[in-house]
Amino acid sequence: MSLHAWQTSLSDLVIARAAGVPASVTAADACLSDAERHWLTRLTDTPGFRVTCDIQRWWREFRVQSAAPLTLSLLGPGRRQDVVLEFARRNPKPSSFFIREALPFLDLAAELAPDVPHLTELAAFERAMLLLGQALAGGQAVGVGELDPHANVQAHPLAAVVRFKAPPDRILAAAARGLALPPVEDRAYCLLIATRLPNLARACSGDEAAVFDTLRQGPADPCALGGDPVSAAALTTLWQAGALRQAA
Amino acid sequence: MFSAPAPLGVGWSYFPTSPEVNASVRDLLDFVELSPDMLCREMYTERGPRMRMQPALLASALHELHGVPVTVHGLELSIGTASGWNDSYLAILDELADVRTFAWHSEHLGYLVSTAPGGELINAGVPLPLPFTQEAVDLVAPRADQLVERYGVPFLLENAVYYFPDLPADAGWDEIHFLNRLVERSSCGLLLDLFNLYCNSVNHGFDLIEALGRLRLDRVVEVHVAGGKLHDGFLLDGHCDRVPESVWSALEWLLARAPNVAGVVYEVLDQAFPLVGFEVLRSQLERLRATWLSARSVRA
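Cut-offs used in this document
Residues numbered from 1 in each chain as written. Chains lettered and ligands numbered in written order. Predicted model: local features only at pLDDT ≥ 70, side-chain atom pairs only at ≥ 80, totals over all residues. Pairing = 2+ DSSP bridges. Helix = DSSP H or I, 4+ residues; strand = E, 2+ residues; numbered from the N terminus. Axes fitted to C-alpha atoms, helices over the stretch in contact; angles between N-to-C directions. Contact = placed C-beta atoms within 7 Å. Buried ≥ 20, exposed ≤ 12 C-beta atoms within 10 Å, placed from the backbone. Core = buried A, V, L, I, M, F, W, Y, C linked by C-beta atoms within 7 Å. Domains from an automatic or database assignment.

*Asks:* Summarise the sheet that holds strand E10 (residues 189-193) of chain B; cite the residues concerned and give the values.
*Replies:* All names here are of chain B. Spatially, the 8 strands close up into a barrel ordered E1-E2-E5-E6-E9-E10-E11-E14, and their pairing is parallel. Pairwise comparison of adjacent strand axes, ignoring direction, gives a mean angle of 25° for this sheet. Against the sheet, helix H9 (residues 273-299) makes contact with strand E1 (9-13), strand E11 (220-225) and strand E14 (263-266), and its axis sits at roughly 150° relative to E1, the strand it touches most.

*Asks:* Requested: an account of unusual backbone geometry, with residues and values cited.
*Replies:* Even without a glycine there, the phi angle at Asn199(A) is positive, about 60°. You will see that Asp232(B), though not glycine, has its phi angle at about 50°, which is positive. Turning to its location among the elements, Asp232(B) is positioned in the loop between strand E12 (230-231) and strand E13 (234-235). Judged by the 11 C-beta atoms lying within 10 Å of it, Asp232(B) falls in the exposed class.

*Asks:* Tell me about the pairing of E11(B), and please be specific about residues and values.
*Replies:* Residue and element names in this part refer to chain B. Counting buried positions along E11 yields 6 of 6 residues, so the element is predominantly enclosed. Pairing between E10 and E11: 4 bridges, direction parallel. When the bridges of E11 are listed, leucine 192 appears paired with valine 223. Inspection of the sheet shows E11 paired to E14 by 4 bridges, in the parallel sense. Looking at the pairing, histidine 224 lines up with valine 265 of E14.

*Asks:* Account for the nonpolar core, with residues named and values stated.
*Replies:* Residues Ile193(A), Leu194(B) and Val225(B) are the most contacted members of the largest nonpolar core, which totals 155 residues. Two domains each provide a minimum of three residues to this core, namely domain 1 (3-116) and domain 2 (143-246) of chain A.

Structural data, given as structure tokens:
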């Protein structure tokens, strides 16, 4: 028996079926004996194979559920199943790690369900929190010194501003508890996510959001950017929050 | 040469993100089983995805488990992968071993990762079984010996649950024969997951006690018990329920006959804990303790 070929073929079959695409032993499995090929071919019709693929998909859904519970809860049961299946189809290769699974899922949920009120913003929020949480758990330094007015600054890559269409605290609470969401409003409620904030997030002003957006485009001279008092104040508070860093 | 460790007693899986649950059962435990994989995250490197310890989770685990005997139970080594095991798991186990002693370590007998013809790693997303063959024994046994040598403590292989029918096997071999050949070829012991074996006996139609009667019981060092649910006619290894009575009976049978069992563990998945709850968790651990102590007193 070629154990290597058998294992590779078996993995391929499980991954394909779990992703909802036809699973078959391929011509690439040239090292398989006839008996092995026959066993693998028969396997895909067995209940035990289907159960194994179900378990694989449940694990993937569980990882997404653990890492992105709020976005998933907004989808509701029917839509959730559709998005999970599409996620498996578009991302057939699983990972044992939650964030690796959750990030593409969040992107896909925002793509497939932009009509679900607050979902796009919630997905952006969970994405930013996952990336920031991962970096902090990994021991990534978050300390900042004094803002050097003579050195260019830029947005910290782990920081984000999410513009919700209702008070974010009400949206987050409703999503977490499965309650009715607040109605969508015409105005934006900005939430800053950054390394040095208590709980990693706080409401931010439109000025802070505007300065942050500018610095997301690229580094800028803080003296030029903070030419007016409002922008200067926003620059300072964003810096203190850990939302900015000195440009490399 | 196989060397049996000193008995520890009753253990339970450590939940890295639920210190309140860990604390709620501490009085019922003699040791805690730690999965270093759960303290890790995935990083991308030139060599592909690698596991990296998360310092905050490691520090928290070390703090919480200070003064508590620990065993290590790995999930990601993929010891049965023909093209090579997951050496990034060993790197994190090295990291743990540098800062924390453990009485023994164990790993699931199977494979999770394989290698595509182009060298790309393929994670199946679910542990897959090995065929019951000499080829698989020849692959795993030397790796088990390497692990015994590398960490200087016993290494145990855990029997797998599998749902595929008629796994390829050498003539006259079945799961029990395969496990026996493995421990006879190497210096490792067995982590006998009684619930896994029970699931296999239910799903594939064999007698649990008859199978246990053929197993090298002298090599059983640790025993797992758990509960699971039925799905499409299969009993699943869900770690989400009470231990079935048949498994309790098998545990009593086993503890009366296996001379080197050093620890018994009730397994509950972190995410399944809400289904189980504190009350059931404590009652199962109390029963496990009573069963363990009863068997020990009879042996004494």
